[in-house]
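Notes for the structure review
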Amino acid sequence: MIRSLPSSPLYRIGYGVYAFLFFTFLLMPLIAISILAFNDSNFISLPWNGFTTDWFFSVTDERQGVFADEELIASIFTSISTGFFVALLSTLVGTLAALLFEEEQFRLKGLLYFLALAPLVIPGVILGISLLLTATSAGNHIEDTFGLDVELFRPNYWLVVLGQFSFGVTYVMLLVSARLKKFDRTLEEAALSLKATRLEAIWYVTLPFLRPAIMGAFVVAFILSFSNINTTIFLIGSDPTLPIDLYSRIRFSSTPVLNAVSFLIVLTISGLAIINFFANRSKK
Amino acid sequence: MMQNNKKNLNITFYLLIVPVLIWLIFMIVIPHAELFISSFQVEDDSGDMVFSFGNYIDFFTQKIYWFTFVKTAAYSIGVTLLAFIIAFPIAFYLSKVTSKKNAAFLILLLLIPLWVGELVTVYGWIVLLGDHGIINHFLMTIGIINEPINMLYTNFSMVIGLLYMSMLFMVIPVMSTLQSMDDSLIEAACDLGASKWDIFTKIIIPYSMPGITSGAIIVFMLVIGDYLAPNLLGGKNSLWFTEQIYNNFLQTFNWNEGAAFGFLLLILSSGIIWLALKLSGQKLEKVGA
């Protein structure tokens, strides 16, 4: 039944087969697009017509590869820069929130903590529409009162950043809190009794301890932002992020370029996962 | 001296709380209050916004809306159950059955689809399930079928997509609870002659209940709020409540009705989660951990 107990061969083999089927199910879509990205055909499906790298590098009108498609490259850059700002802001506020809820006692703490966790159970769609409504009515209000047309309140790049930030903070907070729970508070107290101010104690003692968690949280926030669509779709202005661009292509004009972009995403993520795997292993 | 220290403590406290308050008030509280207020407004004949229950009355009088609402809720619960049935054996396999080395590698494989993101994997399923897709092509080549089976743009493909993107969120919390379980509990039960079924229902399931609850809540949330799988994999008849919200906001531009629908979705999802938490005796705080 478990590692340390003897089990019948039937149980072991049966379980092995189930696990194999599960992982086949899991990897099938990724393998399918990765193979089709190199298919020499103008359609996104089989039959296999031979190997080509056209969908990455070709510059002809009929076949425009990923690297020749300016719209696509622009949306990748939009996604990267959005992800960077979202990760930066979320990490900053999320770390402060973790310190606040783990180390401070104050009135209404329970209520604030509940609100801070709320994005976990609010569908992304709702975060998106409520921010859109708020920004729009704030914009209208300012226009009516001051006669100013403020760009920021209409769907645009920064509204997307804010929208993704609104739930990114929660994830960062949880990841940093998890590490903070393992922190030995006496270290901070020692610093305080050695006449460090509270701020110095946090800066020189607590934050260095939290560094791995903060870095991990930054990456998580970046990935959340990079793949988000539910919140983003309502707040997007004239420059689409990569998922939005891909979404409209899937709906309206599927070409094998989609396979190629997806393959690049799968490749990047697998690379990151493997690096992470070996980094963790060498630490042990 | 004491005085000075106290003042420092205060500065730090404000430094921590002010950004957090700004986030909570401006990004969470005000937008949801605005959502609530907008849902009670309709445009009157002269174009002004007036208070009205019209958006909600629309919802209850038009069959298609509440039918979609009920269907979304039922399917979300169904997918959550399916995710549990499929994912639990895998979580147990990874934490208790297979060798630790194998498990480390398999967990790595598990994380890749998670990080790749839903859009790419949904697209992968389009490629697999289409009439000219890989699965039909394969089945026709080996001669099992002569005509393509219609799988894409049906409730079946939608459920596959919803399961695929959510089940890993069941595997991970269950696996981490099981990892913390002492093997000797199972060994002892086995030595004392308990049957496998008893061990499973009386030891393993109760022990992993916190993981199952967190997993179920996350899966349910992701499924009920999902848009991509119903929209891209589901057919014309695979109505999903989020799609009604999208349509109101991005196609018919009836934002107030969209706000009402959004608020109803929020009530539905938080209501079911509240019920799940009550029934299992869990706290929301635990779900995050």
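This report concerns the structure included in the present document. (Residues numbered from 1 in each chain as written. Chains lettered and ligands numbered in written order. Predicted model: local features only at pLDDT ≥ 70, side-chain atom pairs only at ≥ 80, totals over all residues. Heavy atoms only, no water.)

The next subject is the overall build of chain A. For chain A, the count of helices and strands is eleven helices and zero strands. Starting at the N terminus and walking to the C terminus, you meet the elements of chain A as α-α-α-α-α-α-α-α-α-α-α. Here the C-alpha radius of gyration of chain A, 24 Å, is well above what a compact globule of 284 residues would show, namely 19 Å. With the principal axes as the frame, chain A shows a C-alpha extent of 75 × 75 × 30 Å. Of all 284 residues assigned to chain A, the portion counted as buried reaches 51%. Roughly 13900 Å² of accessible area belongs to chain A as shown, and the carbon and sulfur atoms make up 68% of that amount. Here chain A contributes 18 positively and 20 negatively charged side chains, and the mean placements of these two sets differ by 18 Å. (Helix = DSSP H or I, 4+ residues; strand = E, 2+ residues; numbered from the N terminus. Rg over C-alpha atoms; globule rule 2.2 N^0.38 Å. Buried < 20%, exposed > 50% of the residue type's maximum accessible area, 1.4 Å probe, protein only. Areas by Shrake-Rupley, 256 points an atom, 1.4 Å probe, with all protein chains shown as cover. Lys, Arg positive; Asp, Glu negative; His and termini not counted. Charge placed at Lys NZ, Arg CZ, Asp CG, Glu CD.)

Between two aromatic rings, the relevant description is the distance of the centres plus the angle of the planes. Evaluated as defined, the whole model comprises 36 aromatic pairs over all chains. On the basis of an interplanar angle of 45 degrees and a centroid distance of 5.2 Å, the ring pair of Phe25 of chain A and Trp125 of chain B is categorised as tilted. Placement of the pair is Phe25 of chain A in helix H1 (residues 9-36) and Trp125 of chain B in helix H5 (residues 118-129), with the two residues belonging to separate chains. Take Phe25 of chain A and Trp125 of chain B: they sit in the same class, and that class is buried. (Phe/Tyr/Trp six-rings, centres within 6.5 Å; stacked < 30°, edge-to-face > 60°.)

A few words now on the environment of Ser166 of chain B. Residues and elements named next belong to chain B. In this structure, Ser166 sits in helix H7 (residues 155-166). Placed 55 residues apart in sequence, Ser166 and Met221 show a C-alpha to C-alpha distance of 9.2 Å. Setting aside its immediate chain neighbours within four residues, Ser166 contacts Val79, Val219 and Val223. (Contact = heavy atoms within 4.5 Å.)

A complete count under the given rule lists ten salt bridges over all chains for this structure. Between Glu102 of chain A and Lys181 of chain A there is a salt bridge whose closest N-O contact spans 3.3 Å. Of this pair, Glu102 of chain A sits in helix H3 (residues 70-103) while Lys181 of chain A sits in the loop between helix H6 (157-180) and helix H7 (185-193), placing them 79 residues apart in sequence. What makes Glu102 of chain A partly exposed here is its relative accessible area of 25%. Judged by its relative accessible area of 57%, Lys181 of chain A is exposed. When the shortest N-O distance is used, the salt bridge between Asp198 of chain B and Lys202 of chain B registers 3.7 Å. Residue Asp198 of chain B and its partner Lys202 of chain B are located together in helix H10 (residues 196-224), separated by four residues, close to a single helical turn. (Salt bridge = Lys/Arg side-chain N within 4 Å of Asp/Glu carboxyl O.)

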